[in-house]
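Take a look at the letters that make up each chain.
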Amino acid sequence: MQVRTRFAPSPTGYLHLGGLRTALYTYLFARKEGGKFILRIEDTDQEREVPGAIEKIYSSMRAAGLTYDEGPDVGGDYGPYIQSQRRDTYLPFAKKLVESGHAYYCFCTKERLDEARAEAEREGRTFKYDKHCLHMPKEEIQRRLEAGEPYVIRQNVPTEGRAGFDDVLYGRVEVDCSTLDDNVLIKADGLPTYNFANVIDDHLMGITHVMRGTEYLSSAPKYNLLYEAFGWQPPLYVHLPVVMRDQTRKLSKRYGDPSFEDLLEMGYLKEAIINFIALLGWSPRSEREFFTLKELEECFDLEGLNKSPSIFDMDKLTWFNAEYMRKLSFEEFYEKARPWLVRALGEDKFDLRRIAELLHNRTEVLNRIPEMVDFLAQMPQFENELYTHKKMKTNPDIARSALNGIRPVLEGVEEWTEAVLHDRVMEAIAQSGMKNGQVLWPLRIAISGKASTPGGAIEIAYLLGKEETLRRLDQSIANLG
Ligand code: GLU
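Reading the values: the criteria
- Residues numbered from 1 in each chain as written.
- Predicted model: local features only at pLDDT ≥ 70, side-chain atom pairs only at ≥ 80, totals over all residues.
- Heavy atoms only, no water.
- Axes fitted to C-alpha atoms, helices over the stretch in contact; angles between N-to-C directions.
- Helix = DSSP H or I, 4+ residues; strand = E, 2+ residues; numbered from the N terminus.
- Parallel < 35°, antiparallel > 145°, perpendicular 65-115°, else oblique.
- Left-handed = near helix turned anticlockwise from the far one by under 90°.
- Contact = heavy atoms within 4.5 Å.
- Buried < 20%, exposed > 50% of the residue type's maximum accessible area, 1.4 Å probe, protein only.
- Arc of directions from axis to C-beta.
- Pairing = 2+ DSSP bridges.
- UniProt positions renumbered as here; feature names shortened; annotations may be inferred.
- Salt bridge = Lys/Arg side-chain N within 4 Å of Asp/Glu carboxyl O.
- Nonpolar A, V, L, I, M, F, W, Y, C, P; charged D, E, K, R; others polar.
- Near = heavy atom within 4 Å.
- Polar contact = N/O pair within 3.5 Å; in protein donor to acceptor, adjacent residues only side chain to side chain.
- Areas by Shrake-Rupley, 256 points an atom, 1.4 Å probe, with all protein chains shown as cover.
- Phe/Tyr/Trp six-rings, centres within 6.5 Å; stacked < 30°, edge-to-face > 60°.
- Lys NZ or Arg CZ within 6 Å of the ring centre and 35° of its normal.
- Expected span 1.5 Å × (residues − 1).

A. Structural detail: the packing of helix α13 (residues 352-359) against helix α18 (residues 457-464). Put simply, α13 and α18 touch, their axes get as near as 10 Å, and they point 155° apart. For the element pair α13 / α18, the angle class is roughly antiparallel. For the pair α13 and α18, the crossing hand works out as left-handed. Taking contact as the criterion, the partners of R354, I355 and L358 in α13 are, on α18, E459, Y462 and L463.

Structure representation (structure tokens):
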């Protein structure tokens, strides 16, 4: 049997991280098993559709590197892969169920249903449709259909017994049929509901394994009743636990949690995000933490899935990202860092390559670059207390004499390169009898205004150029009084 999996997002916005994880696992499982991975767009709830969301799904999948073998924009033998383009597919199947007694036409008005819902609420019950239309005589149904009355088709769930299915992760899941509602399968607009379309399409597309969030765990028994009614073999189900933001709440855009696209825009590397997401609910059962997508394709398995909810820890993601940053070659890093540097410092005022070299090992996320380098563009205000450093044995007084001593040395440098600067400054320090830190620390503070910078005094002096270095130095000496 060839494994066929599908990722079936609804185009209701951006790709959230829980969705990305479902997509990733679904993709990985297909790859590991040498199967096919399919993208299907579930847009039958047209009121919830957000314009442009379908394109965003394609671009996010591409950005993540999750190539699908079949899908709306790549084709395949089981298309169309957008449910609204399959609208004529579903009704004949629903009619089959009506014939076999597993479904029925319902003409109930919105008013009647609203009233029944309100009554249920008053009595503190969960609303269930009362099968009012189930026993309508055939002739009446025919007459009303011919008269063009609006209708829906509902699933006829047994009133007794139990329904269930086997989940790979959760085992046997069963519910009392008496708790199940006669869900709508075909809506008044002729489109199927998710409840129906997922069953029909998974079957018609030959899907062997369904991975999706646990929010569908409780409805899956009802879907299984549909498979039974058709006499079809259901796929294997793997429901995935939710991704939490912390102990108490789900990850959610509504609370400002980032989407996949947001993370990319912030300057997280897709490789780091994928690696991190892969471990949110799956474990290789070893201490190993680093995986490329290719490596995940080789070792992902259902046995490593975890049943308990996982927590999305932004600090952990940042840690992963920093590791991936360091692993980039310098050229790769420079290519990614350059736009951020240009934004902060302009195109041609500074030696951006040199700055990137200094940043490479200390950049956790690209969006932190501007705050790390903006002191080059503009000298920050600072308090003289910044010169105090116990380990360097400096304070404002020592700084005053160190800076006064080093100023003429810098002024005398003609060839303003790091090598020459280094030699001149070190010679002067040796002659002065001061410790390196007692000169270099104050000098760095005096021309950067910051306690921590990428690069030391020499690199920063070089980057600023002679004129600006001396200007800043004079200002800082004056501030010391
Ligand atoms: N369209 C559903 C969603 O976006 C997919 C559920 C499924 O994979 O069956 O949640």
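B. Quick look at helix α3 (residues 87-99). The complete set of buried residues in α3 reads Y90, F93, A94 and L97. Down the axis of α3, the buried side of the element spans an arc of 105°, and every buried residue falls inside it. Projecting away from the buried face of α3 at angles above 90 degrees are the exposed residues D88 and E99.

C. Looking closely at the pairing of strand β5 (residues 162-167). By the bridge criterion, 6 bridges tie β5 to strand β6 (residues 171-176) in an arrangement that is antiparallel. Paired with D166 across the bridge in β6 is R172. Counting the residues in the hairpin turn of β5 and β6 gives 3 residues.

D. The UniProt feature "domain: Aminoacyl-tRNA synthetase class I anticodon-binding" (unreviewed entry) in the protein, seen in detail. With numbering aligned to this structure, UniProt lists the feature "domain: Aminoacyl-tRNA synthetase class I anticodon-binding" (unreviewed entry) at residues 332-476. The span residues 332-476 is 65% helix and 0% strand, and its two end C-alpha atoms sit 37 Å from each other.

E. Up close: the pattern of salt bridges. In the structure shown here, the tally under the stated rule is 39 salt bridges. When the shortest N-O distance is used, the salt bridge between D189 and K187 registers 4.0 Å. Take D189: its relative accessible area is 42%, and that puts it in the partly exposed class. Linked by salt bridges that have partners in common, R162, D166, R172, E174 and D176 make up one network.

F. Main features of the pairing of strand β3 (residues 103-106). Side chains A103 and Y105 of β3 all project onto a buried face; the interleaved residues Y104 and C106 project onto the opposite face, where all are buried too. Summarising the sheet, β3 and strand β4 (residues 152-155) pair through 4 bridges and their orientation is antiparallel. Note on β4: the bridge partner recorded for A103 is Q155.

G. Inspection of the packing of helix α1 (residues 17-32) against helix α9 (residues 270-278) at higher detail. Direction vectors running N to C along α1 and α9 enclose 80°, while the axes themselves pass 10 Å from each other. Classed by the angle they form, the pair α1 and α9 counts as roughly perpendicular. Taking contact as the criterion, the partners of L17, L20, R21, L24 and Y25 in α1 are, on α9, I273, I274, I277 and A278. Across the contact of α1 with α9, the residue classes tally to 8 nonpolar, no polar and 1 charged.

H. Region of the structure containing the site of the ligand. The environment of the ligand is formed by R6, A8, P9, S10, E42, Y194, R212 and Y216. A8 has a polar backbone atom sitting 2.8 Å from a nitrogen atom of the ligand. Within the side chain of S10, one N or O atom sits 2.9 Å away from a nitrogen atom of the ligand. About the coverage of the ligand: the protein hides 82% of its 300 Å² of free accessible area.

I. Expanded view of the sheet that holds strand β7 (residues 184-186). The strand order across the open sheet built from 3 strands is β3-β4-β7, with neighbouring strands paired in antiparallel fashion. Of all the strands in the sheet, just β3 and β7 have a single pairing partner and so form its edges. Taken pair by pair, the neighbouring strands of this sheet meet at an average axis angle of 40°, ignoring direction. Where α3 meets the sheet, it contacts β3, β4 and β7, and its direction lies at approximately 105° from that of β3.

J. A look at the packing of aromatic side chains. Overall, the coordinates contain 22 aromatic pairs when judged by the stated rule. Here Y194 and Y216 contribute two aromatic rings whose centre-to-centre distance is 4.9 Å and whose plane-to-plane angle is 45°, an arrangement assigned as tilted. On the criterion of sequence distance, the pair formed by Y194 in helix α6 (residues 194-204) and Y216 in the loop between β8 (209-213) and α7 (220-230) is long-range, its members being 22 residues apart. Arranged with centres 5.8 Å apart and planes meeting at 40°, the rings of F290 and W319 form a pair that is tilted. Within this pair, whereas F290 is found in the loop between α9 and α10 (293-299), its partner W319 is found in helix α11 (residues 314-327), the two being separated by 29 residues in sequence. Look at F290 and you get partly exposed, because its relative accessible area is 23%. Counting every residue linked through ring pairs, the aromatic cluster contains F276, F290, F312, W319, F320 and Y324. The ring of Y324 carries the charged tip of K327 above its face, separated from the ring centre by 5.1 Å.

K. Inspection of helix α16 (residues 418-432) at higher detail. Look at α16: 21 Å from first C-alpha to last across 15 residues, which is about the 21 Å you get at 1.5 Å a residue. Of the positions making up α16, those classed as buried are E418, V420, L421, V425, A428 and I429. Viewed end-on, α16 has its buried residues packed into an arc of 165°, placing them on one side of the element. When the buried face of α16 is taken as reference, the exposed residues oriented beyond 90 degrees from it are A419, A430 and Q431. Tucked inside the fold, the buried residues of α16 contact α13, α15 (396-411), α17 (436-448) and α18. With its phi angle positive at about 80°, G433 sits one or two positions after the end of α16.

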